Amino acid sequence: MTATHTTATHRAAARSGRRTRLGDGLSPLRAVPMLPAALLLLGFMLGPILYSLYLAFTDSAIRGEGASDTSFVGVQNFLDAFADGDFWNSVVLTLVFTLVSAVVGQNLLGMGLALLMERTHRLVTFTVTSIVIAAWILPEVVAGYLLYTFFADDGSLNTILTSIGLPSQDLLFSAPIIAVSFANIWRGAAFSMLVYSAALSSVPGDVYESAALDGAGPVRRFVSVTVPLLRPAIATNLMLTTLQTLSVFGLIFIMTGGGPARQSQTLPLYMYEQAFSYGQLGYGTAVALLLLLIGALASIAYLRLLPEEDKR
Amino acid sequence: MTAGLSTTAAAEQPRPAETAAPRPAPRTGRCRAAGTRLASNLVMAAIGLAFLVPLLWVVLASFDTEASLSVAWPETWSLGNYSAIWNAETTFRPLGNSLLLCGGATLLTMVSAVLCAYPLSRYSFRAKRPLLLTIIFSTGLPITAIMIPVYSMFVQVNLIDSMGGAILFLGASSLPYAIFLTKGFMDGVPMEIEESAWTEGAGVYRTLWSVVLPLMRSGLSVATIFTFVSMWGNFFVPFMLLLSPDKLPAAVTLYTFSSQYGQVAYGQLAAFSIFYSLPVVVLYLFLGRNLGQGFAAAGGVKG
């Protein structure tokens, strides 16, 4: 509370200081400190991005023809992808994975937890949020193993199910994409929870009181007061979780390796397989660009959710 | 209860409980409110339990030399798993490599980020807003999608399987978010103090080091810890860029983990997972209440 307050005053002070005293132009000498960051970003971020725009249109390969002498093949890689059933399989799986685990799972569970947090006993809140955050901070590979053991045939979930007399499951075989989606919910719910609880705490309480006086029930209050107020946070969070989920690799790689029979092979795993198991770097890069395209389209869609005044 | 059931239940449950709640006569209203609170606590506890099971497995299995894939109370508690992996080959070298890789990259990222944030925070120039927007957008760039060109470039310039190369790339890939956070925290440091240091003859870098940085210590530690922890958990980057077994960090050796007899010993895997996860858990505990700061920033992505 006080922290945000002082930051605000500091910021105001900084702004007035900028206007009155400090030379405000950026001279070349003053830009010198930005050099290391600029070089790193140009060399290791922009460089690969530009290079991928070239690589995607070549037959570059680890071995064979494209390895010794790479040649330009135009849009052939993209045509190959569109003609490949496995590619479309991966696209569908990626969309299912993103929709189930990020858009629905992490967001709803995160919102649910953030709303519950305001009503539950302090001790319960503290314990449960600690557990949920612990699931989030664990390294990806560890999370992959933990959820693999959870869903495995002789894993924890089946032990619990049989002990309470329910039939056991074999999600890792029958519906691996659902198993890895649950794993991603387990791992990512804390992020949405933290974003939403930070956003909820900034909603002034008297808004609810006046809505309650007007006779709005809790559901009504949530839909017509909370959601509109949280719209920027919801749009931002949807965007961030979608982008994170689109690029999930390690979690699925550890749990299922994309299998069985490609049933959980999302685009990053397909891209990896094509580029490294089959050595087709050019083709793999083309797939990566298509993955970026999906991310960009999703981001544009979410940006439209933002209220007008926030877009600028 | 399955994880699946509880996750959907989590989103749905509060509503039925709430619809039943308030409005009518005050006495039943209070009763219902207590009911709502009880229901909320129960739902919250159920979610917590579902999340807890996998975590419980890793802790219990690490003390159980007979560990299976299922969560179970060890018949005999033993440190056997820990002593089995207590050697340089399995544990200390990978963790040392992780420390070198992530420590080096964090240092590189934070030094570059602070230096870059300073002009961004202190001076105004025409390209500033587009520059900031570019930085914010690149925080969302899925790094997974550029790993093939990075691999291909690294092969050509002979940086593949080089710790230095991996540090440079890991550092660069975390830079946008680090710059964004650092700039935000730096904006909170008032300029007046800095100006008085200038009038006393301190140079720009000296002022940055001994006036500005100490004033943004807590923000700086948040940014540093966020950077380090995300690198520590990163699997794909070292998996692609490092090849020799003696250079691999813990993230990658855990993937190839097997006991000395070739089979996966789950107890040992659990013990190693605990060793590997411990640093990030400790760092987050250290962060404690400051954790929110990073999220206030994430919520205000507008810049």
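It should be emphasised that the depicted structure is a prediction, and the values quoted were computed from it without experimental measurement.

1. As for the overall build of chain A
Within chain A, the secondary structure is distributed over 17 helices and 0 strands. Residue pairs in contact within chain A that sit at least 24 positions apart in sequence constitute 69% of those at least 6 positions apart.

2. Some remarks on the overall build of chain B
For chain B, the count of helices and strands is 15 helices and 0 strands. Buried residues in chain B amount to 47% of all 303 residues. Pairs at least 24 apart in sequence give 73% of the contacts found in chain B among residues at least 6 apart.

3. Remarks on unusual backbone geometry
With phi around 65°, Arg262(A) is a residue other than glycine that occupies positive phi space. Mapped onto the elements of the fold, Arg262(A) is located in the loop between α14 (250-255) and α15 (267-277). The phi dihedral of Asn158(B) is positive, around 60°, even though this residue is not glycine. Checked against the element boundaries, Asn158(B) lands in the loop between α7 (147-156) and α8 (163-187).

4. Here we look at the domain arrangement of chain B
All names here are of chain B. Per the domain assignment, the segments of chain B are domain 1 (26-78) and domain 2 (88-290). Contacts between domain 1 and domain 2 engage 8 residues on the former and 6 residues on the latter. Here the residues of the side of domain 1 that touches domain 2 are counted per class, giving 4 nonpolar, 3 polar and 1 charged.

5. A few points about the interface of chain B and chain A
Counting residues at the interface gives 90 residues for chain B, matched by 95 residues for chain A. For the side of chain B that touches chain A, the per-class residue count stands at 57 nonpolar, 24 polar and 9 charged.

6. Here we look at the environment of Pro279(B)
Residue and element names in this part refer to chain B. By the element assignment, proline 279 lies in helix α14 (residues 266-287). For proline 279, a count of 18 C-beta atoms within 10 Å gives the class partly exposed. Along the sequence, proline 279 and tyrosine 177 sit 102 residues apart, while their C-alpha atoms lie 21 Å from each other.

7. Brief notes about helix α9 (residues 156-163) of chain A
Residues spaced three or four apart along an α-helix point in a common direction, a consequence of the helix completing one turn every 3.6 residues. Along α9(A), the residues that are buried comprise Ser156(A), Leu157(A) and Asn158(A). Positioned one or two residues after α9(A), Gly165(A) has a phi angle of 80°, which is positive.

8. So, the environment of Leu69(B)
For Leu69(B), the position within the fold is in the loop between α3 (26-62) and α4 (80-85). For Leu69(B), a count of 21 C-beta atoms within 10 Å translates into the label buried. Expressed as a C-alpha distance, the spacing of Leu69(B) and Ala88(B), which sit 19 residues apart in the sequence, is 26 Å. Once you skip the residues sitting within four places of it in the chain, Leu69(B) turns out to touch Thr149(A), Ala152(A), Asp154(A), Gly155(A) and Tyr266(B).

9. Quick word on the packing of helix α16 (residues 281-305) of chain A against α7(B)
Contact geometry for α16(A) and α7(B): axes closest at 8 Å, N-to-C directions at 145°. Together, Leu281(A), Gly284(A), Thr285(A) and Ala288(A) of α16(A) and Ile148(B), Pro149(B) and Ser152(B) of α7(B) make up the contact between the two elements. Its residues assigned to classes, the contact of α16(A) with α7(B) comprises 4 nonpolar, 3 polar and no charged.

10. Observations regarding the environment of Glu66(B)
Examined against the element boundaries, Glu66(B) turns out to sit in the loop between α3 and α4. Considered as a pair, Glu66(B) and Ser230(B) are 164 residues apart in the sequence and their alpha carbons are 32 Å apart.

Criteria and cut-off values
- Per chain, the residues get numbers from 1 upward, laid out in the order the sequence is written.
- For this description, chains carry letters from A and ligands carry numbers from 1, given in the order in which they are written.
- Note on the predicted model: pLDDT of at least 70 is required for a residue's local features to be given, and 80 or more for side-chain atom pairs to be given and counted; whole-chain, interface and lining totals, by contrast, use all residues.
- In this text, helices come from DSSP runs of H or I with a minimum length of four residues, and strands from runs of E with a minimum of two, each type numbered from the N-terminal end.
- It is the C-beta atoms, placed from the backbone, that decide contacts: two residues are in contact if theirs lie within 7 Å.
- Any residue with 12 or fewer other C-beta atoms within 10 Å of its own C-beta is exposed, any with 20 or more is buried, and the rest are partly exposed; the C-beta atoms used are placed from the backbone.
- Bear in mind that the domain bounds are from an automatic or database domain assignment.
- Amino acid classes used here: Ala, Val, Leu, Ile, Met, Phe, Trp, Tyr, Cys and Pro are nonpolar; Asp, Glu, Lys and Arg are charged; the rest, including Gly, are polar.
- Only the stretch in contact is used when a helix axis is fitted, and all axes are lines through C-alpha atoms; the angle between N-to-C directions ranges over 0 to 180 degrees.

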